[in-house]
Amino acid sequence: MRTHFCLDVRIYTLLAAIFSYPLLAAAQSASVDANGHQWWQHAVFYEIYPRSFADSNNNGIGDLNGITSKLDYLKDLGVDAIWITPCYPSPQVDFGYDVSDYENIDPMYGTLADFDRLQEEASKRGIRIIMDFVLNHTSDQHAWYKESRSSKENPKRDWYIWRDGKGNNQPPNNWLSTFGGPAWKFDSTTGQWYYHYFYPQQPDLNWRNPAVEKAMFDVTRWWYKRGVSGFRLDAVDTLFEDPDLKNNPILPGRNKYGDPNMEDKYNKKLPELHGVLQRLRKVADENDAVLIGETWTKNIAELREYYGAHGNELQMPMDFLFTRVDKLSPAEFRKQIAGVDSAGWPVYVLSNHDIVRSYVRYGDGKHNDQIAKLMAGLYLTLRGTPIMYYGEEIGMTNNDPKRKEDVKDPIGRTGWPKEKGRDGERTPMQWNSSKNAGFTVGTPWLPVPASAITHNVQTELKDPGSILQFYRHLLTLRHREPALREGDYFALNESDPNVLSYLRKYKNEAVLVVLNMSGSTQTQSFDLAKQGFTSSRANTLLTTQPSPAEELSLSKLQIEPFGVYIGKVTK
Ligand code: NOJ
């Protein structure tokens, strides 16, 4: 049974006023606000996996025209920028993360003219476009690699990482691909091995070669000229390798592919990568653009490095440590939030095309819809920029393949059954309750889960208690309330084991967020004197509470199981 959050008439009126508030459009068009914040610090980002979003030509695979047709939906939802995962020409071994031409669109997704139309239509709605920049590697079908491979004397030979083997059919060292097996492949054309951190069809570029850097930076300039507002940088951790190819330390045990566990000491997070990011940032700055990083850091110190010592690297390194807090633990979230909040401008994600959907990661199987709202209440009210993943706003679930023969993602075939691959989190967007959830009238490239009958845009738009409506209200508030956009973060009641609560304070006002991460009703008491607020009451802005009052006492605030309460506090 789905729960409903009820809003009394006055709160509804308030929300209606918020919906039509003109500040929204203004915030989207100005680059820097009075507080020195840039456009991307106000923006709500939304990741689109183009194969799975909307299929305009009914071949079972989503496309750019499909995305264009859904821009009004995104605008209404409160999205300011879309990050489109790779839609460049590609053999699709890694579903686009194997790029064979950086300056074009794969015919499967449309044409450059379709892209230009998408850009134009998005821009009309105040929505910016972020492209995915796959800079660690190309496809083995890229012209650069074909040239590089052709002979040792080819001018592009040194654009990739070629080495002699150790004899006896042995690779140059012990490095392993993160997708299983050795990270080296022998090529008989020249009798040397090439390095690939990902699939063998994804040879790593040699970033020590200045010609590679120039060519790749020019790719970003080319897209900036077409109007894009930034890039999500794929696999930045692995740009550089130790030039002496020292063997990595072997760790105890084996991974999902049966390979020995290994510390990627000499082929991951080498200091040289920061120089590239600093120079790439200069190009971004010349174009008022943002760089978002796929940064898999193991602690806050590492995350901090990605911002650059002088804030001169990535504006938005994603905090994946947040996704590793895989349980409803106020203590662990508090710790993680405090860490990232001190590191720089936080970037919060709950899941993406490589991570199991948050709906199942946090859900307990019984209250998943409430918990989906609870998690929205968390990452959309924190100080920082949130990046949503398509379908999160309707409570899409993972739909993992049940049989090996159904798996599309190659790692799911190599690692079956321990690793089922990433198909489950990449299924078609659920637009309505018709066949294939309205994604296509063809055969979708991945199957739609049964829950699409209830969890889809059309149905949820009609239900005031739906996850989608909660997201819409929340995003409206986020754009509307200065404290949610600009305010500092203060953790409250820090020893509470069940309820995560905090204040977002901006000038004379603040927004109080109370998130009950437990399955029982909790009563909370807040003393906000330390933060400069003596008022004993909060004005309700948004809540999942069944019969919310317009005002609540801060000394006795009751919150339902997995409930969210967001209220305004003034001096
Ligand atoms: C990270 C991307 O998110 C993932 O989908 C891809 O397989 C690897 N990088 C390789 O590009």
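Structure: above.
A brief structural summary.

Further remarks concern the overall build of the chain. Assigned secondary structure in the chain consists of 18 helices and 21 strands. The C-alpha radius of gyration of the chain comes to 24 Å, within 12% of the 25 Å expected for a compact globule of 571 residues. Taking the principal axes of its C-alpha atoms as reference, the chain extends roughly 75 × 50 × 45 Å. Looking at the chain residue by residue over its 571 residues, the buried ones come to 61%. Looking at the chain alone, contacts between residues at least 24 apart form 69% of all its contacts between residues at least 6 apart. Accessible surface, the chain: about 21400 Å² in total, of which carbon and sulfur atoms supply 51%. Side-chain charges of the chain comprise 66 positive and 71 negative groups, with the mean position of each set lying 2 Å from the other.

A separate point is the sheet that holds strand β1 (residues 45–48). Spatially, eight strands are ordered β11-β10-β7-β3-β2-β1-β13-β12 in an open sheet, and the strand pairing comes out parallel. Bordering the open sheet on either side are β11 (316–317) and β12 (347–349), each of which pairs with just one other strand. In the sheet, β1 pairs with strand β2 (residues 81–84) via four bridges, with the strands oriented parallel. Along β2, the bridge assignment pairs Y46 with I82. Packed on one face of the sheet, helix α8 (residues 210–225) meets β3 (128–134), β7 (230–234) and β10 (290–293) and runs near 160° to β3.

With that settled, the discussion passes to the site of the ligand. Taken together, D94, Y97, H137, F179, F198, R232, D234, E294, H353, D354, R422 and R426 make up all the residues around the ligand. Within the side chain of H353, an N or O atom sits 2.7 Å from an oxygen atom of the ligand. R422 places a side-chain nitrogen or oxygen 3.0 Å from an oxygen atom of the ligand. Isolated, the ligand exposes 290 Å² of accessible area, and the fraction of that covered by the protein chains is 98%. According to the grid-proximity analysis, the pocket containing the ligand is the largest pocket. The class makeup of the residues in the shell around the ligand is three nonpolar, two polar and seven charged.

Remark: helix α14 (residues 368–379) packs on helix α17 (residues 467–480), axes separated minimally by 10 Å, with the N-to-C direction vectors making an angle of 10°. Overall, the two elements α14 and α17 adopt an arrangement that is roughly parallel. Read as a crossing pair, α14 and α17 show a hand that is right-handed. Here D369, A372, K373, A376, G377 and Y379 of α14 come into contact with α17, specifically with I467, F470, Y471, L474 and R478. In terms of residue class, the contact of α14 with α17 is built from seven nonpolar, one polar and three charged.

The next point concerns the pattern of salt bridges. Side chains that carry opposite charge are capable of pairing whenever their charged atoms lie near each other. On inspection of all chains with the given rule, the structure shows 31 salt bridges. Of the charged contacts, one joins E405 and R403 as a salt bridge, the two residues approaching to 3.8 Å between their closest N and O atoms. Via salt bridges that share partners, D94, D354, D409, R422 and R426 belong to a single interconnected network.

Enumeration according to the criterion identifies two cavities of 30 Å³ or more in this entry. Considering only enclosed or pocket space, the largest cavity measures out at about 100 Å³ in volume. Taken together, 15 residues line the largest cavity, and the ones lying closest to its centre are L350, S358, Y359, A372 and E392. Listing elements by their share of the lining of the largest cavity, those giving two or more residues are α13 (358–362) and α14. Among the elements that make up the lining of the largest cavity, the one with the highest residue count is α14 (four residues). Split into classes, the residues belonging to the lining of the largest cavity amount to eight nonpolar, five polar and two charged.

Calculation rules
Residues numbered from 1 in each chain as written. Predicted model: local features only at pLDDT ≥ 70, side-chain atom pairs only at ≥ 80, totals over all residues. Heavy atoms only, no water. Helix = DSSP H or I, 4+ residues; strand = E, 2+ residues; numbered from the N terminus. Rg over C-alpha atoms; globule rule 2.2 N^0.38 Å. Buried < 20%, exposed > 50% of the residue type's maximum accessible area, 1.4 Å probe, protein only. Contact = heavy atoms within 4.5 Å. Areas by Shrake-Rupley, 256 points an atom, 1.4 Å probe, with all protein chains shown as cover. Lys, Arg positive; Asp, Glu negative; His and termini not counted. Charge placed at Lys NZ, Arg CZ, Asp CG, Glu CD. Pairing = 2+ DSSP bridges. Axes fitted to C-alpha atoms, helices over the stretch in contact; angles between N-to-C directions. Near = heavy atom within 4 Å. Polar contact = N/O pair within 3.5 Å; in protein donor to acceptor, adjacent residues only side chain to side chain. 1 Å grid on protein atoms, 1.4 Å probe; cavity = no way out; pocket = protein on both sides within 12 Å on 5 of 7 lines; lining within 4 Å. Sits in = over half its atoms within 2 Å of the grid points. Nonpolar A, V, L, I, M, F, W, Y, C, P; charged D, E, K, R; others polar. Parallel < 35°, antiparallel > 145°, perpendicular 65-115°, else oblique. Left-handed = near helix turned anticlockwise from the far one by under 90°. Salt bridge = Lys/Arg side-chain N within 4 Å of Asp/Glu carboxyl O. Points joined across faces, edges and corners; volume = space filled by probe spheres on them.

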